[in-house]
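Fold and contact review
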Amino acid sequence: MPSAKSPHAVANLSAEGQLALERLAALAHPGKARTAAQYFQTGKGQYGEGDLFYGIRVPEVRQHARQFNQLALSDCIALLQSPYNEARLMALAIMVRRFEKGDAATQEAVYTTYMAQRHRVNNWNLVDSSAPYISGPYLLTHDRAVLYTLAQSPVMWDRRIAVLSTFAFLRANESSDTLALCEMLLADPQDLMHKACGWMLRELGKRDAKALLAFIKRHHAAMPRTMLRYAIEKFEPTQRKALLAGDFAGV
């Protein structure tokens, strides 16, 4: 078990939670950890500043999470306090499974915990692996006003949670919130948000190409280039070239 002085130690874990963390830490790969730290931009002033990595591949983390999928939400909260990205990812994977398999009361508990702990969902891989599967599905049948509050947050990860939550809406053939939030975020200063909005617009286009084209025509002048490129990725090369140029004739 991690000792009180161990860099892997996390307070308030049950014995089972400590075991899960210890076994996860045993999978660490220093070389891959250095690569991950660079990939997730953990340097000073970068979006992932201070995030630590064990160097464990996502499929391994998810497989490990399945072995401990009965951990209590209190353990998941404790694991989310870890400075290691993969420990937080493991906690979120357990919460996603709990949400997917749970009844209404369980889903509400998972959602409430997720939103209360979202300050620890603080890198794009953590947001992308959780918001479409927890906050998104929950808000399909609840008041979605919180997404518009998050979209105005100074915290980029809140804004990304807002946009990525709408993936669940798109799967249910509901696009109005995706379009509204992407419109709100056209002037967002962060490239990661341009990518997130472009991704959701691309998903919209798979289901309703006319709605995507209408959005692009209306906002072409204001759309960040990255958002536009992501949004039109599934179009034919000649169509992409025309849309990038703002030439909508025949598209």
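Parameters at a glance
Residues numbered from 1 in each chain as written. Predicted model: local features only at pLDDT ≥ 70, side-chain atom pairs only at ≥ 80, totals over all residues. Heavy atoms only, no water. Domains from an automatic or database assignment. Buried area = accessible area lost by both parts, 1.4 Å probe. Salt bridge = Lys/Arg side-chain N within 4 Å of Asp/Glu carboxyl O. Helix = DSSP H or I, 4+ residues; strand = E, 2+ residues; numbered from the N terminus. Nonpolar A, V, L, I, M, F, W, Y, C, P; charged D, E, K, R; others polar. Contact = heavy atoms within 4.5 Å. Buried < 20%, exposed > 50% of the residue type's maximum accessible area, 1.4 Å probe, protein only. Patch = residues over 30% accessible without salt bridge, like charges linked within 9 Å, V, L, I, M, F, W, Y side chains within 5 Å. Areas by Shrake-Rupley, 256 points an atom, 1.4 Å probe, with all protein chains shown as cover. Lys, Arg positive; Asp, Glu negative; His and termini not counted. Charge placed at Lys NZ, Arg CZ, Asp CG, Glu CD. Phe/Tyr/Trp six-rings, centres within 6.5 Å; stacked < 30°, edge-to-face > 60°. Lys NZ or Arg CZ within 6 Å of the ring centre and 35° of its normal. Axes fitted to C-alpha atoms, helices over the stretch in contact; angles between N-to-C directions. Parallel < 35°, antiparallel > 145°, perpendicular 65-115°, else oblique. Expected span 1.5 Å × (residues − 1).

Moving on: the domain arrangement of the chain. Taken as a whole, the chain is organised into domain 1 (13-122) and domain 2 (131-250). A separation of 27 Å is found between the C-alpha centroids of domain 1 and domain 2. Taken over both partners, the interface formed by domain 1 and domain 2 buries close to 1300 Å², and the fraction arising from carbon and sulfur atoms is 78%. Where domain 1 meets domain 2, there are one salt bridge. We note a salt bridge from aspartate 158 to arginine 118, for which the minimum N-O separation is 2.8 Å. Breaking the side of domain 1 that touches domain 2 down by element, the ones donating at least two residues are helix H5 (85-101) and helix H6 (104-116). The element contributing the most residues to the side of domain 1 that touches domain 2 is H6, with six residues. Tallied by class, residues from the side of domain 1 that touches domain 2 come to nine nonpolar, two polar and three charged.

Once that is clear, we can look at the side chain of asparagine 122. For asparagine 122, the location among the structural elements is in the loop between H6 and helix H7 (124-128). Residue contacts for asparagine 122: discarding those within four places in its chain leaves Arg88 and Trp157.

A word on the side chain of aspartate 177. Relative to the helices and strands, aspartate 177 resides in helix H11 (residues 176-184). Taking relative accessible area as the criterion, aspartate 177 reaches 10% and is therefore assigned buried. What aspartate 177 contacts, discounting residues up to four positions off in sequence, is Arg144, Tyr148, Thr166 and Phe169.

A word on a positive patch on the surface. Together, Arg62, Arg66, Arg97 and Lys101 line one region of the surface with positive charge. Positionally, lysine 101 belongs in helix H5.

Below, the discussion takes up the packing of aromatic side chains. What the rule picks out here adds up to eight aromatic pairs. Between the NZ or CZ atom of arginine 144 and the centre of the ring of phenylalanine 169, over which it lies, the distance is 4.1 Å. The residue whose ring lies beneath arginine 171 is phenylalanine 167, and the NZ or CZ to ring-centre distance is 4.0 Å.

Quick look at unusual backbone geometry now. The phi torsion at asparagine 12 lies on the positive side, around 70 degrees, for a residue other than glycine. With respect to the secondary-structure elements, asparagine 12 resides in the segment before helix H1 (15-25). Overall, the relative accessible area of 72% leaves asparagine 12 in the exposed class. Unusually for a residue other than glycine, glutamine 41 sits at a positive phi of about 50 degrees. As for its placement among the helices and strands, glutamine 41 is situated in the loop between helix H2 (30-39) and helix H3 (58-67).

Remark: helix H10 (residues 156-171) packs on helix H12 (residues 191-207), axes separated minimally by 10 Å, with the N-to-C direction vectors making an angle of 5 degrees. Viewed along their axes, H10 and H12 adopt a mutual orientation that is roughly parallel. Here Met156, Trp157, Arg159, Arg160, Val163, Leu164, Thr166, Phe167, Leu170 and Arg171 of H10 come into contact with H12, specifically with Leu192, Met193, Ala196, Cys197, Trp199, Met200, Glu203, Leu204 and Arg207. When grouped by side-chain class, the residues that make up the contact of H10 with H12 number 13 nonpolar, one polar and five charged.

The next thing to look at is H12. Between the first and last C-alpha of H12 there are 25 Å, a value that for 17 residues agrees with the 24 Å anticipated at 1.5 Å per step. With respect to burial, H12 is a largely interior element, 13 of its 17 residues being buried.

With that out of the way, let us pick up the pattern of salt bridges. Pairs can form between side chains of opposite charge whenever their charged atoms are close. Applying the stated rule across the entire model yields ten salt bridges. Residue aspartate 188 is joined to arginine 159 by a salt bridge in which the shortest nitrogen-to-oxygen separation is 2.5 Å. Here the residue aspartate 188 occupies a position in the loop between H11 and H12, and arginine 159 occupies one in helix H10, the gap between them amounting to 29 residues. Here the two residues aspartate 188 and arginine 159 agree in accessibility, since each one is buried. Residues glutamate 203 and arginine 207 are paired through a salt bridge, measuring 3.2 Å at the closest nitrogen-oxygen approach. With a gap of four residues between them, glutamate 203 and arginine 207 both fall in helix H12, about one helical turn apart. The exposure class assigned to glutamate 203 is buried, which follows from its relative accessible area of 7%. Here the salt bridges share partners, and the residues they tie into one network are Arg144, Glu174 and Asp177.

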